[in-house]
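Chains, contacts and geometry: an overview
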Amino acid sequence: RNNTVWTTFEDLPPGEAVVTLGTSPITATFSNAFVATTIDIGITQYRSGSFHWKMFNGGTGTITFETPAAKVQFYAAVEARTAIEGESDGTVQVFDTEDNLLRTIENLPPDIQPGSFAPQVKFVASELGAVGGIARITLADDVNVNPNFSVTVIDDFGFTPIGAPG
């Protein structure tokens, strides 16, 4: 949790489609997905508590940083019943301030609960060559992997903007 802004999504109202974390000018705005509780559909894709940020089949959510981020950390997962062996149902992409794609992560784990040994997703702008910082991150659920039902989520999200200690 060594970040300027941190959330477990527990303090955010479920169903919110656009959520802004932090205080201007140090904010991250989450759009095109929504805050939900795991009990909504009985899934267990959470790291702490029972709330997370998710999108359903074929959706793409965007996290936009008002001040570009120096460091971003979170857990990401796909709903276990929908991940087909060898196919990625969820994708994370990170972009710099010039809208250059810096990194893509696929094959998200189906379980991020404590004790699952799921790795934390961590992006550090300087390690990615993003001198101006990280401007946005997308989280997508692939409509073609399981067209009947799928969910991609993130939980326990934190970031530190360019120029801030940490």
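Above this note sits the structure.
So, here's what we can say about the structure.

Looking at the overall build of the chain
In terms of regular secondary structure, the chain is built from 1 helix and 11 strands. Moving toward the C terminus, one meets the helices and strands of the chain in the order β-β-β-β-β-β-β-β-β-α-β-β. Accessible surface for the chain amounts to roughly 7,500 Å². Of this, 50% is attributable to carbon and sulfur atoms.

Here we look at the packing of aromatic side chains
Tallied over the full model, the rule gives 6 aromatic pairs. For the ring pair Phe157 and Phe159, a centre distance of 6.2 Å and an interplane angle of 50° mean the geometry is tilted. Comparing Phe157 with Phe159, the two get one shared label, buried. By way of ring pairs, the aromatic residues Phe30, Phe65, Phe74, Phe123, Phe157 and Phe159 are connected into one cluster.

With respect to the pairing of strand 10 (residues 134-141)
Most of strand 10 is tucked away, with 6 of its 8 residues classed as buried. In this structure, strand 6 (residues 60-78) lies alongside strand 10, joined through 6 bridges in antiparallel fashion. Pairing of Thr64 across the sheet is with Arg136, part of strand 10. With 7 bridges connecting them, strand 7 (residues 90-96) and strand 10 associate as antiparallel partners. Along strand 10, the bridge assignment pairs Thr91 with Ala140.

Overview of the pattern of salt bridges
One pass over the full model with this rule turns up 1 salt bridge. Arg136 is the partner of Asp99 in a salt bridge, and the nearest nitrogen-oxygen pair spans 2.6 Å. Here Asp99 is found in the loop between strand 7 and strand 8 (101-105), whereas its partner Arg136 is found in strand 10, with 37 residues between them in sequence.

Digging into the nonpolar core
Generally speaking, a soluble globular protein has its nonpolar side chains buried in company with each other. Phe65, Phe74, Ile137 and Phe157 are the most contacted members of the largest nonpolar core, which totals 31 residues. Broken down by element, the residue count for this core peaks at 7 residues, all from strand 6. Once residues lying within four places of it in the same chain are set aside, the contact partners of Phe65 are Thr27, Ala28, Val72, Ile134, Ala135, Arg136, Ile137, Phe157 and Phe159.

Re the environment of Ser24
With respect to the secondary-structure elements, Ser24 resides in the loop between strand 2 (19-23) and strand 3 (26-31). Distance in space between the C-alpha atoms of Ser24 and Thr67 is 8.6 Å, their sequence separation being 43 residues. Within the local environment of Ser24, its side chain forms a polar contact with the side chain of Glu66, the two groups lying 2.7 Å apart.

What counts and what doesn't
Residues numbered from 1 in each chain as written. Predicted model: local features only at pLDDT ≥ 70, side-chain atom pairs only at ≥ 80, totals over all residues. Heavy atoms only, no water. Helix = DSSP H or I, 4+ residues; strand = E, 2+ residues; numbered from the N terminus. Areas by Shrake-Rupley, 256 points an atom, 1.4 Å probe, with all protein chains shown as cover. Phe/Tyr/Trp six-rings, centres within 6.5 Å; stacked < 30°, edge-to-face > 60°. Buried < 20%, exposed > 50% of the residue type's maximum accessible area, 1.4 Å probe, protein only. Pairing = 2+ DSSP bridges. Salt bridge = Lys/Arg side-chain N within 4 Å of Asp/Glu carboxyl O. Core = buried A, V, L, I, M, F, W, Y, C linked by side-chain atoms within 4.5 Å. Contact = heavy atoms within 4.5 Å. Polar contact = N/O pair within 3.5 Å; in protein donor to acceptor, adjacent residues only side chain to side chain.

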